[in-house]
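Analysis of the macromolecular model
Residue-level listing of the chains:
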Amino acid sequence: MLKIRQLQKKRQEEEEEAAKSQSPTPTRDSTPVNKNSKVSAAQLRIQKDITELDLPPSIKLTFPQPSSLFEFDLKLIPNSGYYKNGKFQFKCEINSNFPIEPPKIKCLNKIYHPNIDLQGNICLNILREDWSPVLSLNSIFIGLNFLFLEPNPNDPLNKEAANCLVKDKKQFEKNVNNSMKGGYIDGVYYDRVI
Amino acid sequence: MRDHSSVIPLLKTIGPFNEVADDYNYQSAWDRLSTSKILVIGAGGLGCEILKNLALTGFKNIHVIDMDTIDLSNLNRQFLFRHKDIGKSKSEIAANFIKQRIGEDNINIIPFFGKIQDKSIEFYSQFDLVISGLDSIEARRWINATLVNLSSSNNKIIPLIDGGTEGFRGQSRVIIPSFTSCFECTLDLMSQKITYPVCTIANTPRLPEHCIEWAHLIQWNIEFGSTKKFDADIPQHIQWMYETALNRAKIFKIEGVTKQLTLGVCKNIIPAIASTNSIIAASCCNEAFKLLTDSNPYLNNYMSYSGDYSIYTYTFENNKRSNCSVCGSLPKKIYVESYKTLQQFIEDIKDKQEIQIKNPSISSISGPLYMSSPTELQKITKNNLSKKLNKLISNGDEIVITDVNLPISLRLIVYFTSDEKDPELN
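Nothing here was measured: the structure is a model prediction, and the numbers come from that model.

About the criteria used
Residues numbered from 1 in each chain as written. Chains lettered and ligands numbered in written order. Predicted model: local features only at pLDDT ≥ 70, side-chain atom pairs only at ≥ 80, totals over all residues. Heavy atoms only, no water. Helix = DSSP H or I, 4+ residues; strand = E, 2+ residues; numbered from the N terminus. Buried < 20%, exposed > 50% of the residue type's maximum accessible area, 1.4 Å probe, protein only. Salt bridge = Lys/Arg side-chain N within 4 Å of Asp/Glu carboxyl O. UniProt positions renumbered as here; feature names shortened; annotations may be inferred. Contact = heavy atoms within 4.5 Å. Disulfide = S-S within 2.5 Å. Pairing = 2+ DSSP bridges. Axes fitted to C-alpha atoms, helices over the stretch in contact; angles between N-to-C directions. Patch = residues over 30% accessible without salt bridge, like charges linked within 9 Å, V, L, I, M, F, W, Y side chains within 5 Å. Areas by Shrake-Rupley, 256 points an atom, 1.4 Å probe, with all protein chains shown as cover. Lys, Arg positive; Asp, Glu negative; His and termini not counted. Charge placed at Lys NZ, Arg CZ, Asp CG, Glu CD. Buried area = accessible area lost by both parts, 1.4 Å probe. Polar contact = N/O pair within 3.5 Å; in protein donor to acceptor, adjacent residues only side chain to side chain. Nonpolar A, V, L, I, M, F, W, Y, C, P; charged D, E, K, R; others polar.

It is worth spelling out the overall build of chain A at this point. For chain A, the count of helices and strands is five helices and six strands. Reading chain A from its N end, one meets helices and strands in the order α-α-β-β-β-β-α-α-α-β-β. Its C-alpha atoms give chain A principal-axis dimensions of about 75 × 30 × 30 Å. A total of 194 residues make up chain A; the buried ones form 44% of that total.

Following this line, the structure appears as structure tokens:
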């Protein structure tokens, strides 16, 4: 521990040097810090990500519980593409292991989309296998937005929808329109989102 | 009396690489063995090895924390436990075993059966050194952040030696809070949990794991909805998972779905290798010995070991990350007059030249106080602006300030002064 004490002493001397060159500041005695007053590492990161959000106008976030940044809702209204003007609701949950673990995002509407299944699971690579702590909340929301502008039939979760998109784009467009008004496609009822 | 003949020569000779040769003294180095207080976090695969090594080296004051109980599958490598101990606390049984082996008069070893988060800052500040042998990233982040905070709030430097193993691979590292890189600095380098694309699981399974994940992630919810939560410790749940996955595997002609693999995938189990644990624990305890006695230079600061393709070790210095959210900006103390509202406080902060922020967002442990963006959060939190800061947080609370112009999160510990009245109102 001698080595560490030497390091500490050296740093203290440097700080005192630096303090001397600046104007003197009044010192007060330190009060002990209460134990549970520290902000968690996950919360630090979420706040940073939220402050740095730069979202397209098609995405709105709402916070049903203002006391927590760990849970919020997302509303997506695409301004072009097949899903133009639909109102899609998502729930976003972040756990205390963020950013090691990605946020969990679910679609709350039952919708006709090649990459979203009827339970609301979303097939977006950066939400699972390609998630990395260097990505941010912003990148996920942009990715989600992209999924509605360019549905990807090569990685389907809803196989029928994906097949239709590959075979007959006109029919797919019709199906999307009908489903968004609330109706049956291939015997499955989809929620009204328009 | 115990035999220390193997340790004494190491301490009596001042080695050619001793970095503090002028101040080094045999007697005080020897005394460190009995005076140093060491905390061992985790009494599992690594923990058993670490406790055994420390006790046999001659350290006399050891605390050990573990929240787990002993399981049958632990017994092949966690050698402080016996079949009769199954179901009992790991830390308590490990401490008892060591005490019996070393002799109760020769060692003071205190177990705690619980979570590390349940202990106070004061508890952690009593130690000279912490060694962790944990499998959880969350717990590692917590102890790392706690020790880094102690280094700034109490000016108390407690080295953290972190060991980790995964199959044939492992690492040991020395973290000197605020001096070297911390655990959070290198979080981006952690290997990810193995996951498979949902679309592959849903439509084009190729591996037995895909079938198990299909049962686990998709079918369970369809079958039982969100009301019944899957629990990998309930045998019936695993049985259902196994059968469902097996049926799917048959349809796609995939072989290899077994009950053991099902359990492994659902619980995300990575097989533990006993010898990897002993190698890494040995390295950790060597570093503890060197750090506490100053007999030799300690590891600077990361050693990785790989035993799966022959044997390879590599030692390097992990750099501190300047924008690390834990050690990049150590919390600074700030004194705030009690009459100040959140709005006034924000204006004060903006006036401070060294901080350089224009539109800050502020939160405390209990959640956001004021968020300047997005609009939705700004609307919810703007009511707080007219409230007094000392009504929103208590004395000694930490607040976090972020701003688009700020590459880091600024952390401040707020202390209120007794000025109750705003002089400008008089």
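There's more to say after this.
Moving on, we get to the pattern of salt bridges. All names here are of chain B. The full count for this structure, using the stated rule, is 16 salt bridges over all chains. Residue Lys340 pairs with Asp348 through a salt bridge whose shortest N-O separation is 2.7 Å. The exposure class of Asp348 is partly exposed, given its relative accessible area of 30%.

What follows is about the UniProt feature "active site" (unreviewed entry) in chain B. Here the UniProt-annotated "active site" (unreviewed entry) positions come out as Cys199(B). Within the secondary structure, Cys199(B) sits in helix 7 (residues 198-203). Ignoring sequence-local partners within four residues, the contact set of Cys199(B) consists of Cys123(A), Asp155(A), Pro156(A), Leu157(A) and Thr204(B).

Turning to the state of the cysteines, a few remarks are in order. Applying the stated criterion across every chain, the model contains one disulfide over all chains. With its sulfur 2.2 Å from that of its partner, Cys123(A) forms a disulfide with Cys199(B). Of the two residues, Cys123(A) is situated in the loop between strand 4 (104-107) and helix 3 (137-149) and Cys199(B) in helix 7; the pairing between them involves two chains. As far as burial versus exposure is concerned, Cys123(A) and Cys199(B) are alike and both buried. Free of any disulfide, Cys284(B) has its nearest cysteine sulfur in Cys285(B), 6.4 Å distant.

A few words now on the sheet that holds strand 11 (residues 367-370) of chain B. All names here are of chain B. The strand order across the open sheet formed by five strands is 9-13-12-10-11, and the pairing between neighbours is mixed. Two strands close off the open sheet at either side, each with one partner strand: strand 9 (332-337) and strand 11. If you compare each strand with its neighbour and ignore which way they point, the axes differ by 40° on average. In terms of strand pairing, strand 12 (residues 398-402) meets strand 13 (residues 410-417) through four bridges, oriented antiparallel.

With three bridges joining them, strand 10 (residues 361-364) of chain B and strand 11 of chain B adopt antiparallel strand pairing. What sits directly across from Ser364(B), in strand 11 of chain B, is Gly367(B).

This part covers the UniProt feature "active site" (unreviewed entry) in chain A. What UniProt calls "active site" (unreviewed entry) maps, in this numbering, to Cys123(A). Judged by its relative accessible area of 10%, Cys123(A) is buried. Excluding anything up to four places from it in sequence, Cys123(A) contacts Asn115(A), Leu147(A), Asp155(A), Leu157(A), Val198(B) and Cys199(B).

A contiguous patch of positive charge, built from Lys60(A), Lys75(A), Lys87(A), Arg192(A), Lys379(B) and Lys382(B), is present on the exposed surface. Here Lys382(B) lies in the loop between helix 13 (375-381) and helix 14 (389-392).

To continue, consider the interface of chain A and chain B. Each partner contributes residues to the interface: chain A has 54 residues there, and chain B has 75 residues. Of the roughly 5,800 Å² buried between chain A and chain B, counting both surfaces, carbon and sulfur atoms make up 57%. On the chain A side of the contact with chain B, Met1(A), Lys38(A) and Arg128(A) bury the most area, a combined 13% of that side's loss. Summed over the shared surface of chain A and chain B, the result is one salt bridge. Between Lys3(A) and Glu19(B) there is a salt bridge whose closest N-O contact spans 3.2 Å. Applying the counting criterion to the chain A and chain B interface returns 20 residue pairs in polar contact (both at pLDDT 80 or more). Tallied by class, residues from the side of chain A that touches chain B come to 24 nonpolar, 16 polar and 14 charged.

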